[in-house]
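Reading the structure
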Amino acid sequence: MSIFQPSFDEITPVTDIELDRAFDVYETDEEYLAMVGSANAISDYQPRQEALKQASRYALRKAINNVLKGRES
């Protein structure tokens, strides 16, 4: 196993409560919702898909960070 990736035995699975908190980002984060709204206003397919991908990456990163922060406290 790589020094950068622990084995799966060392990883605590995400709980349902953590998952619910993570999904809140997709429903309530104003910056994410604005990014999606802006992306959907793009008429060309490829640029719109890239903008949606960037919005998804933003939300996923924030959701993961929220779960990790919750585990630290």
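Look up: the structure comes first, before these words.
As a starting point, this report considers the structure included with it. (Residues numbered from 1 in each chain as written. Predicted model: local features only at pLDDT ≥ 70, side-chain atom pairs only at ≥ 80, totals over all residues. Heavy atoms only, no water.)

1. Brief notes about the packing of helix α2 (residues 30-40) against helix α3 (residues 45-72)
In the contact formed by α2 and α3, the axes pass within 8 Å of each other and the chain directions differ by 170 degrees. It follows from the interaxial angle that α2 and α3 lie roughly antiparallel. Between α2, through E31, Y32, M35, V36, A39 and N40, and α3, the contact on the second element is made entirely by R48, A51, L52, Q54, A55, S56, Y58 and A59. (Axes fitted to C-alpha atoms, helices over the stretch in contact; angles between N-to-C directions. Helix = DSSP H or I, 4+ residues; strand = E, 2+ residues; numbered from the N terminus. Parallel < 35°, antiparallel > 145°, perpendicular 65-115°, else oblique. Contact = heavy atoms within 4.5 Å.)

2. Quick notes on the packing of helix α1 (residues 16-28) against α2
Angle between the axes and distance between the axes are the two parameters that describe a pair of packed helices. Direction vectors running N to C along α1 and α2 enclose 50 degrees, while the axes themselves pass 6 Å from each other. It follows that α1 is oblique to α2 by the angle criterion. Together, V25, Y26, E27 and T28 of α1 and E30, Y32 and L33 of α2 make up the contact between the two elements. For the contact of α1 with α2, the residue count by class is four nonpolar, one polar and two charged. (Nonpolar A, V, L, I, M, F, W, Y, C, P; charged D, E, K, R; others polar.)

3. Here's the deal with the packing of aromatic side chains
Summed over all chains, the structure comprises two aromatic pairs. Seen in terms of ring centroids, Y26 and Y32 are 5.4 Å apart; in terms of plane orientation they differ by 80 degrees. Their pairing is edge-to-face. In this structure an aromatic cluster arises from ring pairing among F23, Y26 and Y32. (Phe/Tyr/Trp six-rings, centres within 6.5 Å; stacked < 30°, edge-to-face > 60°.)

4. Comments concerning α1
Along an α-helix, residues three or four apart share an orientation, since each turn contains 3.6 residues. Along its 13 residues, α1 runs 18 Å from first to last C-alpha, staying within 8% of the 18 Å computed at 1.5 Å per residue. For α1, the complete set of buried residues consists of E18, A22 and V25. Buried residues of α1 fall within an arc of 35 degrees about the axis and therefore sit on the same side. Counted as exposed and oriented over 90 degrees from the buried face of α1: D16, I17, D20, E27 and T28. (Expected span 1.5 Å × (residues − 1). Buried < 20%, exposed > 50% of the residue type's maximum accessible area, 1.4 Å probe, protein only. Arc of directions from axis to C-beta.)

5. Some words on the side chain of D29
Looking at where D29 falls in the secondary structure, it is placed in the loop between α1 and α2. Within the structure, the side chain of D29 is placed 2.8 Å from the backbone nitrogen of Y32, a separation counted as a polar contact. Discounting chain neighbours no more than four positions away, the residues touching D29 are D24, Y58 and K62. (Polar contact = N/O pair within 3.5 Å; in protein donor to acceptor, adjacent residues only side chain to side chain.)

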